[in-house]
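The primary structure of each chain is shown beneath.
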Amino acid sequence: MDKKKVLVTGGAGYIGAHTVVELVQSGYEVSIVDNLSKSDRTLLDGIEKILGMKVSFYQGDCCDRQFMNQVFQSAGTFSSVLHFAAFKSVGESVEYPLLYYQNNLNSLLTVLETMLENRVSDLIFSSSCTVYGQPDKIPVGETAPFKKAESPYGSTKQMSERILEDVAVKGLRIVSLRYFNPIGAHPSALLGEIPLGTPNNLVPYLTQTAAGIRDKVTVFGNDYNTPDGSCIRDFIHVVDVGDAHVKAMQFLQSRDDEKLCEAFNLGTGVGVSVLQLLEKFNAVTQVNTPYVIGPRRPGDVEKVYADPAKINKTLGWKTKFSIDESLLHAWQWEKKLRGIK
Ligand code: UD1
């Protein structure tokens, strides 16, 4: 089997696209599947510019079994699948729960069925720290129990991990990466996040405000039980996230196990508050971004950051970029997108 051929679902999205770049630069031949429902070709163009070559792209839906089978058969044998394709907006999931269950669970089930039918064993799955809810102990380790999910989006990630555990016994080798808060952009400023409509996440909202597209950032609550009263998160550079996927895939390839299902936290281990992040952003970019304090956002956890000991030790992965670099790259991408000098 050709160890170098890999399938990336959701490869035209923010995290998927950055991972595609890391995979190709590590010598892998990548095929992307994406239905472009939450993305467009901009990031595919960015990938091409960074790499100086086109990456195979199949436009279609991961929930479509016939389409997925065609991809598996026409691309040749994949050694691994990296499954990013999913909906990820917490608020939208509360409004359209069935859409989230249908899309996130059906696409995973179809990917698993297609892998089993085509005898592809290795899968890297995009999970989230949201599976922990508000953990009792911080930094949170992988053995912490899953609390009740705060949203249907969170439930789909918990259910997906449960499905993966059950299906691994059929001869699959699976790594779930529980992302904390991926931010930033490719240092070339050719790839980054393009939120649909008004951004929900903090950093794109911040960069759009600094660019003058939004009036001000609203900090959702300053009365939490944290040193400055705002929530604490573990912000991680998206290129480091991409690199962790390459290492997770290589970890599976190095193993002899016939079945395996492991979860790893993918975070830096450092907690940064929302107000601290704002301050750092202004210092790094020399922009005075306006902000106000607003009410808490329903569903937010007070503080969460990773214990990354397992991923550091087992995958030999460490963050390469600082939080300042993450913020600078996010700003450089926003400026490029808006034609700001
Ligand atoms: C959430 C999910 C995460 C998911 C991610 C992707 C939870 C606990 N986490 O991350 O699993 O992968 O979304 O969409 O469900 N904030 C402001 N003002 C803003 C925006 C955000 O103050 O305009 C604050 C939030 O209150 C939060 C922090 O910034 O404390 C980070 O928010 P955000 O970027 O939306 O990510 P999470 O909610 O942590």
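Conventions and cut-offs
- Residues numbered from 1 in each chain as written.
- Predicted model: local features only at pLDDT ≥ 70, side-chain atom pairs only at ≥ 80, totals over all residues.
- Heavy atoms only, no water.
- Near = heavy atom within 4 Å.
- Polar contact = N/O pair within 3.5 Å; in protein donor to acceptor, adjacent residues only side chain to side chain.
- Areas by Shrake-Rupley, 256 points an atom, 1.4 Å probe, with all protein chains shown as cover.
- Helix = DSSP H or I, 4+ residues; strand = E, 2+ residues; numbered from the N terminus.
- Axes fitted to C-alpha atoms, helices over the stretch in contact; angles between N-to-C directions.
- Parallel < 35°, antiparallel > 145°, perpendicular 65-115°, else oblique.
- Left-handed = near helix turned anticlockwise from the far one by under 90°.
- Contact = heavy atoms within 4.5 Å.
- Nonpolar A, V, L, I, M, F, W, Y, C, P; charged D, E, K, R; others polar.
- Phe/Tyr/Trp six-rings, centres within 6.5 Å; stacked < 30°, edge-to-face > 60°.
- Buried < 20%, exposed > 50% of the residue type's maximum accessible area, 1.4 Å probe, protein only.
- Lys NZ or Arg CZ within 6 Å of the ring centre and 35° of its normal.

So what exactly am I meant to see when it comes to the site of the ligand here?
Around the ligand, 17 residues are found, and the nearest of them are Ser128, Leu202, Thr218, Arg233 and Asp300. Taking Tyr153, its side chain carries an N or O atom lying 3.0 Å from an oxygen atom of the ligand. Within the side chain of Asn201, a nitrogen or oxygen atom sits 3.1 Å from an oxygen atom of the ligand. In the complex, the protein chains occlude 91% of the 740 Å² of accessible area that the ligand would expose alone. With 3 residues, strand 8 (residues 217-220) is the largest single contributor of residues to the shell around the ligand.

Sorry, what's going on with the packing of helix 5 (residues 97-117) against helix 6 (residues 152-168) here?
The geometry of a pair of packed helices is captured by two quantities: the angle between their axes and the separation between those axes. Between helix 5 and helix 6, the shortest axis-to-axis distance is 9 Å and the interhelical angle comes to 20°. With respect to helix 6, the element helix 5 is oriented roughly parallel. Between helix 5 and helix 6 lies a crossing of right-handed hand. Only Pro152, Tyr153, Ser155, Thr156, Met159, Ser160, Ile163, Leu164 and Val167 of helix 6 make contact with helix 5, whose side of the interface consists of Pro97, Tyr100, Tyr101, Asn104, Leu105, Leu108, Leu109, Leu112 and Leu116. For the contact of helix 5 with helix 6, the residue count by class is 14 nonpolar, 4 polar and no charged.

I'm lost on the packing of aromatic side chains in this one. Help?
With the rule as written, the count across this model stands at 5 aromatic pairs. Between Tyr132 and Phe146, the ring centres sit 6.5 Å apart and the planes meet at 85°, which makes this aromatic pair edge-to-face. Placement of Tyr132 in the loop between strand 5 (122-128) and helix 6 and of Phe146 in the loop between strand 5 and helix 6 is noted, with a sequence separation of 14 residues between them. Judged by its relative accessible area of 0%, Tyr132 falls in the buried class. Residues Phe251 and Phe264 carry aromatic rings whose centres are separated by 5.9 Å and whose planes lie at 85° to one another, so their mutual orientation is edge-to-face. Here Phe251, found in helix 8 (residues 238-253), pairs with Phe264, found in strand 11 (residues 260-266); they are 13 residues apart in sequence, far enough to count as distant. The same class applies to Phe251 as to Phe264, namely buried. Across the ring face of Phe87, the terminal group of Lys38 is positioned such that the distance to the ring centre comes to 4.7 Å.

Would you mind going over the side chain of Ser89 with me for this structure?
Looking at where Ser89 falls in the secondary structure, it is placed in the loop between strand 4 (80-83) and helix 4 (90-95). By relative accessible area, which is 15% here, Ser89 ends up buried. Polar side-chain contacts of Ser89 include one of 3.3 Å to the backbone nitrogen of Glu92. Ignoring sequence-local partners within four residues, the contact set of Ser89 consists of Tyr100, Tyr153 and Asn200.

Which parts of the structure should I look at to understand unusual backbone geometry?
Backbone phi values are negative for most residues with the exception of glycine, while trans is the configuration of most peptide bonds. The amide bond that connects Ile138 to the next residue, Pro139, takes the cis arrangement and shows omega of 0°. You can see Pro139 is positioned in the loop between strand 5 and helix 6. Positioned with a positive phi, Ala189 is a non-glycine residue whose angle comes to about 60°.

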